[in-house]
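# Fold and geometry: a report
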Amino acid sequence: MASPIPQGDFELRELPRPGEKTFAESVREGLTTHPKSLPCRYLYDAEGSRLFDAICELPEYYPTRTEAGILRSYVGELVDRCAPESVVVELGSGSSIKTEILLEEFLRRRGSLEYEPIDVSRSALEDSGRRLMDRFSGLWVRAIVAEYLPGLQEVVPKQTKLVTWLGSSVGNFDRPGAISFLKQVRAVMSDADRFLLGVDRRKDKRVLEAAYDDAQGVTAAFNKNLLARINRELGGNFRLEDFSHRARYLEDDGRVCLHLISETKQSVTIESLGLELLFEEGEAIHTEDSYKYSPDEIIALASAAGFEVERDWTDEQQWFSVCLLKPASR
Ligand code: AVJ
């Protein structure tokens, strides 16, 4: 007699997020201080997420396809190194291809798997959950709508985990911020757990600047969407054509820096904040940093956070790292 086929299931929990700053508060704070800045997390409303998906397909934006290629090449080795009963906990709801490569390999070996994605966007979790349920059987999705660290606290502590954080999102933190974030991930991990981290490497300035200032202007539109979002949600009157997108690689810092530059001396009002802002010609709003790491800097980052680099898988051009970290023995 055939054994019953596990069907899988989709479950979603939403954690309360007290004390979190609103978009309005962040905009007021960022645009009334000098130099002006806006937190990059606000780039990802529905329109921004759509534009980011388009960025991932651009010929100049190598990280997404490079990371997926590395995963495809080494997923067998990766799963070999995880405890057989591991659950997969993903920070971020995961771009379709990358997560699916991983889940497919686990399911091929085991037939069933628990997958716990953590993301602040309920809709992103619902969409990816639905897609995964359609594609795989034997998958138990427990999605958690939360910030990463509170979400991680919610994951059942007794289960052995593979925690994944792909896409080089670590690059949005400055270097000390990256260490302290990783330390907090380390704090909820036990010895048998593993952490899979995607990190973009330092490389030629021209390659990096093209990746963040593409010929079709998709990244420019993605960056300017921040101003469009202020117009939509807060009654701003930014004229998008009077601002330009700038991406610069600061080689010593190992950091791509994104700004919006005011093309003219101008004033902008934001109705619902009761704000009138003055911009000098050439004045910049800082919108995003994307830090890059050398292999040695990855080792130093891991070690400062209490991890050892068990493996650093890379591509032919050595442009990107997919690293398997394990808690350092103490
Ligand atoms: C999502 C932070 C990894 O830094 O490459 C891409 C964001 N910004 N193009 C990156 C981004 C402009 C991306 N991360």
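Quantities reported herein were computed from a predicted structural model and do not represent experimental measurements.

## Details of the sheet that holds strand β6 (residues 161-165)
Strand order in this open sheet of eight strands is β1-β5-β4-β3-β6-β7-β14-β13, and the pairing throughout is mixed. Unpaired on one side and paired on the other, β1 (9-14) and β13 (307-314) mark the two borders of the sheet. The mean inter-strand angle of the sheet, taken between neighbouring strand axes irrespective of direction, is 20°. As paired strands, strand β3 (residues 87-91) and strand β4 (residues 113-119) are joined by four bridges and run parallel to one another. Counted as the bridge partner of Val 89 is Glu 116 from β4.

## Remarks on the packing of aromatic side chains
One pass over the structure, following the stated rule, counts 17 aromatic pairs. Relative to Phe 52, the ring of Tyr 44 lies with its centre 5.7 Å away and its plane at 75°, an arrangement referred to as edge-to-face. The structure contains a cluster of three or more aromatic residues connected by ring pairs, namely Tyr 44, Phe 52, Tyr 61, Tyr 212 and Phe 222. We note Lys 36 situated over the ring of Phe 279; from NZ or CZ to the ring centre the distance is 4.7 Å. Over the ring of Phe 23 we find Arg 229; its NZ or CZ atom is 4.4 Å from the centre of that ring.

## Some points on the side chain of Thr 287
In this fold, Thr 287 is placed in strand β12 (residues 284-291). In this view, Thr 287 contacts Leu 38, Pro 39, Cys 40, Leu 43, Asn 223, Leu 226, Leu 258, His 259 and Leu 260; residues no more than four positions away in its chain are not counted.

## Regarding helix α7 (residues 175-187)
With 13 residues, α7 ought to run about 18 Å at 1.5 Å a step, and its terminal C-alpha atoms sit 19 Å apart, in line with that. Among the residues of α7, those classed as buried are Gly 177, Ala 178, Phe 181, Leu 182, Val 185 and Arg 186. Its side-chain oxygen 2.7 Å from the backbone nitrogen of Gly 177, Asp 174 forms the N-cap of α7.

## Brief notes about the pairing of strand β9 (residues 255-262)
Among the eight residues of β9, eight are classified as buried, and the element is accordingly described as predominantly covered. Burial along β9 is two-sided: Arg 255, Cys 257, His 259 and Ile 261 and Val 256, Leu 258, Leu 260 and Ser 262, pointing in opposite directions, are all buried. Hairpin connection from strand β8 (residues 243-250) to β9: four residues lie between these consecutive antiparallel strands, with Gly 254 at a positive phi of about 65°. Pairing analysis gives seven bridges linking β9 to β12, with the strands arranged antiparallel. What sits directly across from Leu 258, in β12, is Glu 288.

## Things to note about the site of the ligand
Around the ligand, a shell composed of 13 residues is seen, among which Tyr 61, Gly 167, Tyr 212, Glu 288 and Ser 290 lie nearest. Between the ligand and Glu 288 there is a distance of 2.7 Å, counted from a nitrogen atom to a side-chain nitrogen or oxygen. Note that an oxygen atom of the ligand is positioned 2.7 Å from one of the side-chain N or O atoms of Ser 290. For the ligand, whose unbound accessible area comes to 350 Å², protein coverage reaches 96%. Put simply, the parts of the chain that give the shell around the ligand at least two residues each are α2 (46-57), α9 (218-234) and β12. When we break the shell around the ligand down by domain, the ones giving at least three residues each are domain 1 (25-55 + 205-291) and domain 2 (59-203 + 292-327).

## Here we look at the side chain of Ser 86
With respect to the secondary-structure elements, Ser 86 resides in the loop between α3 (63-80) and β3. Here Ser 86 falls in the buried class, since its relative accessible area comes to 2%. A polar contact of 2.6 Å, which involves the side chain of Ser 86, links it to the backbone oxygen of Ala 83. Setting aside anything within four residues of it in sequence, one finds Ser 86 in contact with Arg 110, Leu 113, Thr 160, Lys 161 and Leu 162.

## A short note on the sheet that holds β9
The mixed open sheet is built from four strands, whose spatial order is β2-β12-β9-β8. Lying at the two open borders of the sheet, with one neighbouring strand each, are β2 (36-37) and β8.

## A short note on the domain arrangement of the protein
You can read the domains of the protein as domain 1 (25-55 + 205-291) and domain 2 (59-203 + 292-327). The centre of domain 1, based on its C-alpha atoms, is set 28 Å off from the matching centre of domain 2. Domain 1 puts 23 residues into the contact, and the matching count from domain 2 is 16 residues. In this assembly, domain 1 packs against domain 2 so that about 1,600 Å² is buried in total across both faces, 51% of it on carbon and sulfur atoms. Ranking the residues of domain 1 by area buried against domain 2 places Val 207, Leu 208 and Tyr 291 at the top, with a combined share of 37%. One can count one salt bridge joining domain 1 with domain 2. In this structure, Glu 147 and Arg 41 form a salt bridge, with 3.1 Å as the shortest nitrogen-oxygen distance.

## A short note on the pairing of β12
For β12, a buried count of seven out of eight residues is recorded, marking the element as mostly surrounded by other parts of the structure. With two bridges joining them, β2 and β12 adopt parallel strand pairing. Within β12, the residue paired with Ser 37 across the bridge is His 286.

## A few points about the environment of Ser 244
Within the secondary structure layout, Ser 244 lies in strand β8. Along the chain, Ser 244 and Gly 177 lie 67 residues apart, while their C-alpha atoms are 28 Å from each other. In this view, Ser 244 contacts Lys 224, His 259, Leu 260, Ile 261 and Glu 263; residues no more than four positions away in its chain are not counted. At a separation of 2.6 Å, a polar atom in the side chain of Ser 244 contacts the side chain of Glu 263.

Reading guide: rules and limits
Residues numbered from 1 in each chain as written. Predicted model: local features only at pLDDT ≥ 70, side-chain atom pairs only at ≥ 80, totals over all residues. Heavy atoms only, no water. Pairing = 2+ DSSP bridges. Helix = DSSP H or I, 4+ residues; strand = E, 2+ residues; numbered from the N terminus. Axes fitted to C-alpha atoms, helices over the stretch in contact; angles between N-to-C directions. Phe/Tyr/Trp six-rings, centres within 6.5 Å; stacked < 30°, edge-to-face > 60°. Lys NZ or Arg CZ within 6 Å of the ring centre and 35° of its normal. Contact = heavy atoms within 4.5 Å. Expected span 1.5 Å × (residues − 1). Buried < 20%, exposed > 50% of the residue type's maximum accessible area, 1.4 Å probe, protein only. Polar contact = N/O pair within 3.5 Å; in protein donor to acceptor, adjacent residues only side chain to side chain. Near = heavy atom within 4 Å. Areas by Shrake-Rupley, 256 points an atom, 1.4 Å probe, with all protein chains shown as cover. Domains from an automatic or database assignment. Buried area = accessible area lost by both parts, 1.4 Å probe. Salt bridge = Lys/Arg side-chain N within 4 Å of Asp/Glu carboxyl O.

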